[in-house]
Amino acid sequence: MRLDKFLCDCGFGTRKEVRELIKKGGVQVCGAGEGQPGKAVSDPGMQIDPEKVQVSVNGERIRYREHLYLLLHKPAGVVTASSDKRERTVMEFVPPEAAHRVQPVGRLDKDTEGLLLLPDDGELSHRLLSPKRHVEKLYEAHLSKDLTREALERLENGVDIGDGEPTLPAKAEMGPADAQGRPVLYLTLHEGRFHQVKRMAEAVGSEVLYLKRLRMGPLSLPEDLAPGACRELTPEEEDALRSAAGLREGE
Ligand code: URA
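This is a predicted model, so every value here is computed, not measured.

1. Structural notes on the packing of aromatic side chains
Here is step 1: Enumeration according to the criterion identifies one aromatic pair in this entry.
Here is step 2: Judged by centre distance (5.1 Å) and plane angle (20°), the rings of phenylalanine 6 and tyrosine 64 are stacked. Residue phenylalanine 6 is located in helix H1 (residues 3-9), and its partner tyrosine 64 is located in the loop between strand S4 (60-61) and strand S5 (69-74); the two are separated by 58 residues in the primary sequence.
Here is step 3: Here phenylalanine 6 falls in the buried class, since its relative accessible area comes to 3%.

2. With respect to helix H5 (residues 149-157)
Two residues of an α-helix separated by three or four positions point the same way, owing to the 3.6 residues in each turn.
Here is step 1: Inspection of H5 places Ala151, Leu152 and Leu155 among the buried residues, and these make up the whole buried set. The buried residues of H5 occupy an angular sector of 100° when projected down its axis, which confines them to one face. Of the exposed residues in H5, those oriented more than 90 degrees away from the buried face are Arg149, Glu150 and Asn157.

3. Focus on the nonpolar core
Here is step 1: The biggest cluster of nonpolar side chains holds 33 residues, and the ones touching the most others in it are Leu118, Leu147, Leu155, Leu185, Leu187 and Val197.
Here is step 2: Where this core is concerned, the elements lending two or more residues are S5, strand S6 (112-119), strand S7 (137-143), H5, strand S9 (184-189), helix H6 (196-203) and strand S10 (208-216).

4. What to know about the state of the cysteines
Here is step 1: This model, assessed by the stated rule, comprises zero disulfides.
Here is step 2: Cysteine 8 provides the cysteine sulfur closest to cysteine 10, a residue in no disulfide bond, and the two sulfurs are 9.3 Å apart.
Here is step 3: Looking at cysteine 30, it has no disulfide partner, and the nearest cysteine sulfur is the one in cysteine 10, 15 Å off.

5. Considering the site of the ligand
Here is step 1: The full set of residues close to the ligand is Leu108, Asp109, Thr112, Tyr139, His195, Gln196, Val197, Lys198 and Leu211.
Here is step 2: In the environment of the ligand, a nitrogen atom lies 2.7 Å from a nitrogen or oxygen atom belonging to the side chain of aspartate 109.
Here is step 3: A distance of 3.1 Å separates a nitrogen atom of the ligand from a polar atom in the backbone of valine 197.
Here is step 4: Notes on the ligand: free accessible area 240 Å², of which the protein chains cover 96%.
Here is step 5: Per element, the largest residue contribution to the shell around the ligand is three residues, and it comes from H6.
Here is step 6: Residue composition of the shell around the ligand, grouped by class: four nonpolar, three polar and two charged.

6. Let's talk about the sheet that holds strand S3 (residues 53-57)
Here is step 1: Ordered by their spatial adjacency, four strands build an open sheet running S2-S1-S3-S4, and the pairing between neighbours is antiparallel. The open sheet has two free edges, formed respectively by strand S2 (39-40) and S4, since each of these has just one partner strand.
Here is step 2: By the bridge criterion, five bridges tie strand S1 (residues 27-31) to S3 in an arrangement that is antiparallel. Opposite cysteine 30, over in S3, you have glutamine 54 as the bridge partner.

7. A few points about the pattern of salt bridges
Here is step 1: Under the criterion given, the structure shown has 18 salt bridges.
Here is step 2: One salt bridge connects aspartate 4 with arginine 2, and the closest N-O pair in it is separated by 2.9 Å.
Here is step 3: Where arginine 88 meets glutamate 92, a salt bridge forms, and the shortest distance between an N and an O atom there is 2.7 Å.
Here is step 4: Taken together, the shared-partner salt bridges in this structure form one network comprising Arg2, Asp4, Arg15 and Arg19.

8. Re the layout of surface pockets
Here is step 1: The space that makes up the largest pocket amounts to roughly 460 Å³.
Here is step 2: If you trace the largest pocket, you find 28 residues lining it, with Arg107, Tyr139, Glu191, Gly192 and Arg193 closest to the centre.
Here is step 3: For the second largest pocket, the calculated volume is near 180 Å³.
Here is step 4: Lining the second largest pocket we find Arg63, Tyr64, Arg65, Glu66, His67, Tyr69, Glu238, Asp239 and Arg242.
Here is step 5: Sorting elements by how many residues they give to the lining of the second largest pocket places helix H7 (residues 235-244) first, with three residues.
Here is step 6: Along the lines of polarity and charge, the residues of the lining of the second largest pocket split into two nonpolar, one polar and six charged.

Cut-offs used in this document
Residues numbered from 1 in each chain as written. Predicted model: local features only at pLDDT ≥ 70, side-chain atom pairs only at ≥ 80, totals over all residues. Heavy atoms only, no water. Phe/Tyr/Trp six-rings, centres within 6.5 Å; stacked < 30°, edge-to-face > 60°. Helix = DSSP H or I, 4+ residues; strand = E, 2+ residues; numbered from the N terminus. Buried < 20%, exposed > 50% of the residue type's maximum accessible area, 1.4 Å probe, protein only. Arc of directions from axis to C-beta. Core = buried A, V, L, I, M, F, W, Y, C linked by side-chain atoms within 4.5 Å. Disulfide = S-S within 2.5 Å. Near = heavy atom within 4 Å. Polar contact = N/O pair within 3.5 Å; in protein donor to acceptor, adjacent residues only side chain to side chain. Areas by Shrake-Rupley, 256 points an atom, 1.4 Å probe, with all protein chains shown as cover. Nonpolar A, V, L, I, M, F, W, Y, C, P; charged D, E, K, R; others polar. Pairing = 2+ DSSP bridges. Salt bridge = Lys/Arg side-chain N within 4 Å of Asp/Glu carboxyl O. 1 Å grid on protein atoms, 1.4 Å probe; cavity = no way out; pocket = protein on both sides within 12 Å on 5 of 7 lines; lining within 4 Å. Points joined across faces, edges and corners; volume = space filled by probe spheres on them.

Following this line, the structure appears as structure tokens:
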């Protein structure tokens, strides 16, 4: 493959940006296993085999990845969109060199916090959102009013939220109250309808006052990832996610 494509795939910016990086002498290439960091190269169109050569940027070795998967702890107060005329968006928390290539998977409301995945892989996003795959999402909802056992059973069996079809079977359990004494509901859904958690809470006579997504498929919101912080998935998380989407080798 071309060296400039390799660098774009690895998240070093647009074609124009990586060509500039190469022109400035910031990219070195050497045979795998040779002493590092190799010779600075000047041709962005140089053909390389990522299996056979070692590419370094400013002396640091690069591991080839075709895709970029970012995990953001979405803070409240920003909309889940690539751009918006009036509102701040989640993109302000994404490293600038990655912002042109990643897209959020699904949507969290402006006032919802928590795990948001931003990959540059349309096929993966499509599969994770497909109703057919039923990828689980776990939410923590702080409520205005406690729920009875009967209300929890209704949430689990499916409730009418006003769009014709009852919700799919879900898992609903109460946890300890929050610091302000508000009841906390843990709700695991296998679908992603508009304002679904809020509408489900309303359907059983309560109201969501605070909402956070804790898990999506095999990915959990890392405890050490502060609101507004964003990081790449680890290779293990990436494998688990691709597997959940049915995208492992040979699938
Ligand atoms: N359900 C909601 O009501 N809001 C969200 O942001 C996500 C799920």
